[in-house]
Every structure is written in C-alpha cells, then in structure tokens.
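Now for the letters of each chain:
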Amino acid sequence: MKIIVAVKRVVDFNVKVRVKSDQSGVELANVKMSMNPFCEIAVEEAVRLKEKGIATEIVAVSIGPAQAQETIRTAMAMGADRGILVQTDDTVEPLAVSKILHNIVEAEQPQLVILGKQSIDGDNNQTGQMLAALLGWGQGTFASKVEKDGEALKVTREIDGGLETVSLKLPAVVTTDLRLNEPRYAALPNIMKAKQKPLETKTPADYGVDTAPRVVTLKVTEPAKREAGIKVKDIDELVEKLKNEAKVI
Ligand code: AMP
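This is a predicted model, so every value here is computed, not measured.

A. Structural view of the site of the ligand. For the ligand, the set of nearby residues contains 17 residues, the closest of which are A6, I63, S119, N125 and T127. The separation between an oxygen atom of the ligand and a polar main-chain atom of Q126 is 2.9 Å. Within the side chain of T127, a nitrogen or oxygen atom sits 2.7 Å from an oxygen atom of the ligand. Summarising the interface, the protein chains cover 98% of the accessible area of the ligand, which totals 480 Å² for the free molecule. Within the residue set of the shell around the ligand, elements represented by two or more residues are strand 4 (57-64) and strand 6 (112-116). If you tally residues by element for the shell around the ligand, the top one is strand 4, at 3 residues. Looking at the shell around the ligand residue by residue, the class counts come to 7 nonpolar, 9 polar and 1 charged.

B. Geometry of the nonpolar core. Counting residues in hydrophobic clusters, the biggest one holds 36 residues, and the most contacted among them are I3, V7 and V174. Elements represented by at least two residues in this core include exactly strand 1 (2-6), helix 1 (37-51), strand 4, helix 2 (68-78), strand 6, strand 7 (138-149), strand 8 (152-159) and strand 10 (172-176). For this core, the element with the highest residue contribution is helix 1, accounting for 8 residues. Setting aside chain neighbours within four positions, we find V174 in contact with L112, V113, I114, L115, G140, A143, V146, L153, V155 and L168. Counting residues in each nonpolar core, the second largest holds 23 residues, with I4, I100, L101 and V173 among its members.

C. Summary view of the environment of D81. Within the secondary structure, D81 sits in the loop between helix 2 and strand 5 (82-87). Spatially, the C-alpha atoms of D81 and A6 are 13 Å apart, while their sequence positions differ by 75 residues. Ignoring sequence-local partners within four residues, the contact set of D81 consists of K50, T56, E57, I58, K197 and P198. Here the side chain of D81 touches K50 through a polar contact of 2.7 Å, side chain to side chain. Polar contacts involving the side chain of D81 include one to the main-chain amide nitrogen of I58, which spans 2.7 Å.

Calculation rules
- Residues numbered from 1 in each chain as written.
- Predicted model: local features only at pLDDT ≥ 70, side-chain atom pairs only at ≥ 80, totals over all residues.
- Heavy atoms only, no water.
- Near = heavy atom within 4 Å.
- Polar contact = N/O pair within 3.5 Å; in protein donor to acceptor, adjacent residues only side chain to side chain.
- Areas by Shrake-Rupley, 256 points an atom, 1.4 Å probe, with all protein chains shown as cover.
- Helix = DSSP H or I, 4+ residues; strand = E, 2+ residues; numbered from the N terminus.
- Nonpolar A, V, L, I, M, F, W, Y, C, P; charged D, E, K, R; others polar.
- Core = buried A, V, L, I, M, F, W, Y, C linked by side-chain atoms within 4.5 Å.
- Buried < 20%, exposed > 50% of the residue type's maximum accessible area, 1.4 Å probe, protein only.
- Contact = heavy atoms within 4.5 Å.

Below is the structure:
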C-alpha cells in the first residue's frame, strides 16, 4: 500500500503569535516555523503502518515556500521515503491545496492519503474533507485509531460525546486527531539519511491549479485579555461574589 501524507509548515505551536499592527494577519518575520502537529501525527501513523508491513511506500507532500522543504525533510527523517514540494509563496487556501493533492493522487495512485485534521494556523479543518470529495473516496476524519481490516480500513473517530468506528473501502482519506499516536523524534542518523532521500519540486501551475484566494481576511485581532484572579478569604465571600459580582449563581 502506498501512502501519501500531507505536511504543512506552520508557526511552531510553542510560539506566542502576535497580530500585525495593520490587523492583516499574524507576524511571520523571524518566527520559528515547524511541521503542523496534526501532520506529525499523520506521518507517524504512516510510518507505523509501514513498520507493520501494511504500507510499502510513504510520500510526503507539502505546498508552500521553498523552506517547506525542511518540513518534508523532517517527514523523511521520521520515515517517509520521498517527498514532493509544490512551491509557492502565495497563501494557498484549503480548496487549492485539495485540488493540488487531487492531482498528485491521480499521478501517484496511493491507497491511502493521511492528513492532519486541522492546520493550527488557519484552523480550517477542510482540506481532507474536500480532497475526499474531489476524489469520490471514503473519509475517516478525526481518527484516534486506524486498523487494517481485511481489504478495508477500520477507523475510530473522535466525535462529540464519544467514539464512532467506520469501515472505509480503500482507497480512502484519513485525517488525524490528537490521540491517534505520539509522534517520534527523528534520530540524528535518520536526519542525515533524510538529506539523501528524493525530493521533487513542482509548482501549482504544473498541476493547472489556480491558487488565487477565494476568501478575503477582513481583520485579525488578539483575543480579549484575561483579567487576573483574586483570592477570597472564605466560602461565604466566594458565594457572595459568584452571586452578586459574577452573577453566575
Ligand atoms: P486545514 O484544512 O488547513 O485545517 O488542514 C488540514 C490538513 O490538510 C493539514 O493538517 C495538512 O495535512 C493538510 N494541508 C493543509 N494545507 C497544506 C499545505 N499547504 N501543504 C500540505 N498539506 C496541507
């Protein structure tokens, strides 16, 4: 089974993002960038399927600037076999990403595409779903467990208030939730080996995909500042404040 894994380069999850003064977006200059955490989980799952002898080849794909090569190299250091960088400096919205991935899937003919459930910069939660729709494939989103079940794939999904298990006919699309696995750290020898693995560079135009944005960001604002808490001396004061100040009881 060949697997394609989509890996996005985003602001590192540890960075406290700052809104640009003109409110057009967040500051990206001199900010640490890393692989989107849900994409790390996607790579880890693909590597585990390969280690179990279920997958034979893993192709990591990223759409983004030249530096997204590093994201693909990280995926390779974790165990992906080769990479495809679709290079562009434009902001690429989920619809365009899924159209590019659709083309790559048609060319590569994988049995499975694994994506993160969400990119932590745009919080879109759209790409996997749109890709499955474009391909006409089944999808198992928010996966917390993935098992091969004969010719099918059994996916446990994290849904509101519980878990849902679905059986997907292959080929299929899976998107990863947080509890699916804990991604490995790439060991130094594997980081070195990853430098030798094949990485192809393409452009959106090679796939005939127009990446012009369909959505205009009107403004980006900081969340409201939280006020510091206070200490109360006893239960009576707490109850009084909850009743008369916070008005929650
Ligand atoms: P989103 O729909 O933007 O929340 O992203 C969901 C998932 O789609 C991510 O976790 C990635 O697996 C994939 N994805 C989105 N944008 C890109 C991109 N530019 N390059 C590679 N994969 C992407």
